[in-house]
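Overview (structure and organization)
Listed below are the residues making up each chain.
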There are 2 protein chains.
Amino acid sequence: MTTHTEFPAIGYAGRIEALRDRAEERGFDGVLVSDLTNVRWLTGFTGSNGKVVVRGAGATLVTDGRYRDRAADELAAAGVDCDVEVGFTHAEQHELLVRAAGGLDQIGAEATSLTHRQWTTIAADVPIEPVGGLVSEGRRRKDAGEIARIEFACRCADAALAEVAPMLGDGLTEADVRMELEYRMRRHGADGPSYDTIVASGPEHAARPHHHASHRTIVEGDTVVIDVGALVDGYHSDMTRSYVVGEPTDEQLEIYEFLRIVQQAGLDAVRADLGARELDAACRDLIAEGGYADWFIHSTGHGVGLLIHEDPFASTASTQTLVAGDVVTVEPGLYRVGFGGFRIEDLVEVTSNGCRVLTESPKDAPCPPSPPTT
Amino acid sequence: MTTHTEFPAIGYAGRIEALRDRAEERGFDGVLVSDLTNVRWLTGFTGSNGKVVVRGAGATLVTDGRYRDRAADELAAAGVDCDVEVGFTHAEQHELLVRAAGGLDQIGAEATSLTHRQWTTIAADVPIEPVGGLVSEGRRRKDAGEIARIEFACRCADAALAEVAPMLGDGLTEADVRMELEYRMRRHGADGPSYDTIVASGPEHAARPHHHASHRTIVEGDTVVIDVGALVDGYHSDMTRSYVVGEPTDEQLEIYEFLRIVQQAGLDAVRADLGARELDAACRDLIAEGGYADWFIHSTGHGVGLLIHEDPFASTASTQTLVAGDVVTVEPGLYRVGFGGFRIEDLVEVTSNGCRVLTESPKDAPCPPSPPTT
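Per-chain numbering applies: the sequence of each chain, read as written, is numbered from 1 onward. As a convention, the first chain written is A and the first ligand written is 1, with the rest following in written order. It should be noted that, the model being predicted, local features are given only for residues of pLDDT at least 70 and side-chain atom pairs only at 80 or more, the latter also being counted only at that level, while totals for whole chains, interfaces and linings use all residues. As a rule here, side-chain values come from all non-hydrogen atoms in the structure, and water together with hydrogens is ignored.

Things to note about the packing of helix α8 (residues 174-187) of chain A against helix α8 (residues 174-187) of chain B
The condition that has to hold: All axes here are fitted lines through C-alpha atoms, helices being fitted over the stretch that makes contact, and every angle between N-to-C directions spans 0 to 180 degrees. Put simply, DSSP marks the helices as runs of H or I at least four residues long and the strands as runs of E at least two long, and each gets a number from the N terminus on. Should an angle fall under 35 degrees it is taken as roughly parallel, and over 145 as roughly antiparallel, whereas 65 to 115 is taken as roughly perpendicular and any remaining angle as oblique. We call two residues in contact when some of their heavy atoms are within 4.5 Å. Polar here means any residue outside two lists: the nonpolar Ala, Val, Leu, Ile, Met, Phe, Trp, Tyr, Cys and Pro, and the charged Asp, Glu, Lys and Arg; Gly therefore counts as polar.
Relative to each other, α8 of chain A and α8 of chain B sit at 175 degrees, their axes nearing to 10 Å. Between α8 of chain A and α8 of chain B, the interaxial angle falls into the category roughly antiparallel. Contacts between α8 of chain A and α8 of chain B involve R178, M179, E180, E182, Y183, R186 and R187 of chain A from the first element and R178, M179, E180, E182, Y183, R186 and R187 of chain B from the second. Its residues assigned to classes, the contact of α8 of chain A with α8 of chain B comprises 4 nonpolar, no polar and 10 charged.

Structure follows, in structure tokens:
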């Protein structure tokens, strides 16, 4: 039942070298990469246990026996120049790490990824020092292979939502809608949901931005917020659409229309070199001018890639600047207990002079579309 | 479509007190609980950010603004005597933690749960020292409320497998079978899958114990290993059944029959006070006597509860002893590339003189059962 798709290759080659250069600029002669998302981005390795030592010449992945063949296969497929060393016990893996780091004087390591126990064990024999962002900086600019996976993930979520949105009001619970969405994303080729699908309905639930789908039955008059994405070959999509079940009231229509204008203003603002805080302000200021300041209780967007939430973050506190190749959400929302809520969220690729919207689901009106005709 | 079930309450009351006693025995006048599974088990709080300080008198949960109302509601529902303090920034949360730990001299903290960055930040102002297992020891003995949730999760997986196993050989891929299982578990009332469902088929894939469901089409003659569990109100189930598509060969029948005897020997061995290593040996020794020693390439079992893998672990290296109330898997398997593989896994509740098997799916023969007649 599932469609399997071939994607363009991801450009792993050069990532280790670029990391080495960034580390040298900061005075490190080596890097210990332990965050598994960073390990995957750097080498293509997808196992649940792996650490990479990057040296002036060469790099070594240390993993355990379960991944002996898979690690070698994945690194070869990625075209990455990195040795694989397999330790069957924690002690063996530690020894291999010490050997791979031999001769290095100052190794940048991820203090936010290693547990305190892991850090103290490694630091006893290896000269590690905390360094932040060395890899995640590199992860921001998505290449064509990464964009293709994210776009296909967007298509899976679009297709599932097109099938399920017309079922709102058929007596389904929030959990039923979530189940149908996740099932149908897989049928359209996704590996699974990108995160726990949010289906929030009615005057209380839809007013909570991070509501989990409950056993509440969706009824006429409800506002419904559906936040759904697909996972494809490690890459995520993220989208929100909002609906009214039955005929919308004037107030519902007015607030939805206002939010649509706000979200469009966010999309219009996006371009490389814009401060992420300015992106947030593009939506937030408009909302405040409209008199809805206290209806908007989260930030405007975030990066999406191998993680569903990653750099950059567009909030009032952000100090980051958008770059071409960032994939970010634009997702203002308006919430009030008693009314319910709406959120409209698109995923976009940042370009030098604007953005390319990757989400295709309709958002003109708060009404479920008609069932797809196929 | 989903059945919502009422379960007996989980006995949260007394857990904080018992933890305080265990800590005092080890010379600590306080405990900092940061592992989120431990926080949930101790207080009923299910949010993604929370730390609990347990003192001689009283306890405090520190969390962020998202969870202000939910934390108070969940702790009240759990009947737990613990204050809630909300900090809107990391700095505020840190201050609240320092205040909650005021006057304490020696606080046991989880060095395997806090990142190195978190540990050093906290340790600058709070006298924490690494301590292992204080909470996870307590988590082993499941109470009636916990068992009820795990049993219902077993029923969801049993029901889904009864529907899907007869579809093996209908031209489905491994990924299709996984999707159907996960969809149907939800329809039977599960919150979701307990872990990434394993569907491993044929001479190569079924020979890998931790294979991920791929786009391979399952065909006549294949051995098929299906490892599937449901998640219900935070609690997991875990089960494996193995099949042959079409008419089994004599070799397939013989190896399956042998494994069934091995697995029964494992079940027969389980009782409180048995060493977890002896449980492993009950299966492993029999397999070796049968001449299949190198076909069994993983351990025999593990605990299941709020985590899919938790204490105790039944392997050749285990030093733990089973206690009444442990919920553990018994899951020997036989694998060889070219042949494929079989694994049979039941989930059991350990009792003083044996065990109660929670899994109900048939395992007499390696043939898919007939479709359920409803």
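Examining the packing of aromatic side chains
Residues and elements named next belong to chain A. Under the convention used in this document: Each pair of aromatic rings taken from Phe, Tyr and Trp, with Trp reduced to its six-membered ring, is defined by centres within 6.5 Å and is described as stacked if the planes are under 30 degrees apart, edge-to-face if over 60, and tilted in the remaining cases. To sort residues, take the accessible area from a 1.4 Å probe on protein chains only and compare it with the maximum for the residue type: under 20% means buried, over 50% means exposed, and anything in between is partly exposed.
In total, this model carries 15 aromatic pairs over all chains according to the counting rule given. A centroid spacing of 5.2 Å and a plane angle of 35 degrees characterise the contact between F258 and Y292, whose relative ring orientation is tilted. Of this pair, F258 sits in helix α10 (residues 250-269) while Y292 sits in the loop between α11 (276-289) and β13 (301-303), and the two are 34 residues apart along the sequence. Using a relative accessible area of 18% as the deciding quantity, one classes F258 as buried. One aromatic cluster is present, formed by Y256, F258, Y292, W295, F339 and F342 through successive ring pairs.

Observations regarding the sheet that holds strand β8 (residues 198-201) of chain B
Residue and element names in this part refer to chain B. Counted only if it meets this: What makes two strands pair is DSSP finding at least two bridges between them.
Ordered in space as β8-β9-β12, the 3 strands form an open sheet in which the pairing is antiparallel. Unpaired on one side and paired on the other, β8 and β12 (239-244) mark the two borders of the sheet. In this sheet, neighbouring strand axes are inclined to one another by 10 degrees on average, regardless of whether the strands run parallel or antiparallel. Where β8 lies against strand β9 (residues 223-228), 4 bridges are found, and the strand directions are antiparallel.

Considering the environment of Y183 of chain A
Residues and elements named next belong to chain A. Condition: Polar contact is defined as a pair of N or O atoms within 3.5 Å, subject to the rule that within protein one atom must be able to donate a hydrogen and the other to accept it, and that residues adjacent in sequence are counted only when both atoms are side-chain atoms.
Looking at where Y183 falls in the secondary structure, it is placed in helix α8. Using a relative accessible area of 11% as the deciding quantity, one classes Y183 as buried. Distance from Y183 to L42, taken between C-alpha atoms, is 31 Å for residues 141 residues apart in sequence. A polar side-chain atom of Y183 sits 3.0 Å from a polar atom in the side chain of R187.

Focus on the interface of chain B and chain A
Where we set the bar: Using a 1.4 Å probe, buried area is obtained as the accessible area two parts lose upon being combined, added over both of them. Salt bridges, as used here, are contacts in which a Lys or Arg side-chain nitrogen is within 4 Å of a carboxyl oxygen on Asp or Glu.
Taken together, the contacts link 22 residues of chain B with 22 residues of chain A. In this assembly, chain B packs against chain A so that about 2,600 Å² is buried in total across both faces, 59% of it on carbon and sulfur atoms. Contact with chain A buries surface across chain B, with H116, M179 and R186 of chain B losing the most and accounting together for 25% of the total. Here E182 of chain A makes a salt bridge to R186 of chain B, at a shortest N to O gap of 2.3 Å. Considering each element in turn, the side of chain B that touches chain A owes the most residues, 8 residues, to α8 of chain B. When grouped by side-chain class, the residues that make up the side of chain B that touches chain A number 7 nonpolar, 6 polar and 9 charged.

Notes on the sheet that holds strand β9 (residues 223-228) of chain A
Sheet strands pair via backbone hydrogen bonds, and the direction of the pair is either parallel or antiparallel. All names here are of chain A. Taken together, 3 strands build an open sheet; the order of strands is β8-β9-β12 and the sheet is antiparallel. The sheet is open, and its two edges are formed by β8 (198-201) and β12 (239-244), each paired on a single side. Adjacent strand axes in the sheet meet at a mean angle of 10 degrees, parallel and antiparallel pairs treated alike. Bridge analysis of β9 against β12 gives 6 bridges, and the strand direction is antiparallel. Bridge pairing links I226 to R241 in β12.

Section: helix α3 (residues 68-78) of chain A
Residue and element names in this part refer to chain A. Note the cut-off: Read the arc as the range of directions from the helix axis to the C-beta atoms.
A71, E74, L75 and A78 are the residues of α3 that are buried. Down the axis, α3 shows its buried residues gathered within 95 degrees of arc, on one side only. Those residues of α3 that are exposed and angled more than 90 degrees off the buried face are D73, A76 and A77. Looking one or two places after α3, you find G79, whose phi comes out positive at around 70 degrees.

Examining the relation of the copies chain B and chain A
Stated formally: The copies were overlaid by least squares, fitting only the C-alpha atoms of residues that reach a pLDDT of 70 or more in each copy.
Its rotation angle being 180 degrees, the transformation that places chain B on chain A also includes 0.1 Å of axial translation and leaves an RMSD of 0.1 Å. On this basis, the relationship between the two copies can be described by a two-fold rotation axis. Interface overlap between copies: 95% of the residues of chain B at the interface are likewise at the interface in chain A, consistent with a symmetric, same-surface contact.

Quick look at unusual backbone geometry
Residue and element names in this part refer to chain A. Following D311, the chain continues to P312 via a peptide bond in cis, the omega torsion being -5 degrees. Relative to the helices and strands, P312 resides in strand β14 (residues 310-314). Backbone geometry at D233 places phi at a positive 50 degrees, although glycine is not the residue there. Its identity as a non-glycine residue notwithstanding, D273 has a phi of 80 degrees, on the positive side. On the secondary structure map, D273 appears in the loop between α10 and α11. On the accessibility criterion, D273 (63% relative accessible area) is exposed.

Looking at the domain arrangement of chain A
Much of the literature gives interface size as the accessible area that the parts lose upon coming together. All names here are of chain A. Note the following rule: Reported domain spans reflect what an automatic or database domain assignment gives.
As far as domains go, chain A holds domain 1 (15-139) and domain 2 (144-357). Relative to domain 2, the C-alpha centre of domain 1 lies at a distance of 35 Å. Counting from both sides, the interface comprises 6 residues of domain 1 and, opposite them, 7 residues of domain 2. Here domain 1 meets domain 2 over a buried area of about 550 Å², counting both sides, of which 44% is carbon and sulfur. On the domain 1 side of the interface with domain 2, the three residues burying the most area are T37, R40 and R139, jointly 69% of the side's total. Taken together, the connections running from domain 1 to domain 2 amount to 3 salt bridges. A salt bridge links E146 to R15, with the shortest nitrogen-to-oxygen separation between them at 3.2 Å. The tally of links from domain 1 across to domain 2 stands at 3 residue pairs in polar contact (both at pLDDT 80 or more). For the side of domain 1 that touches domain 2, the elements supplying multiple residues, two or more each, are α2 (36-43) and α6 (134-139). Looking at the side of domain 1 that touches domain 2, the element that brings in the most residues is α2, giving 3 residues. For the side of domain 1 that touches domain 2, the residue count by class is 1 nonpolar, 2 polar and 3 charged.

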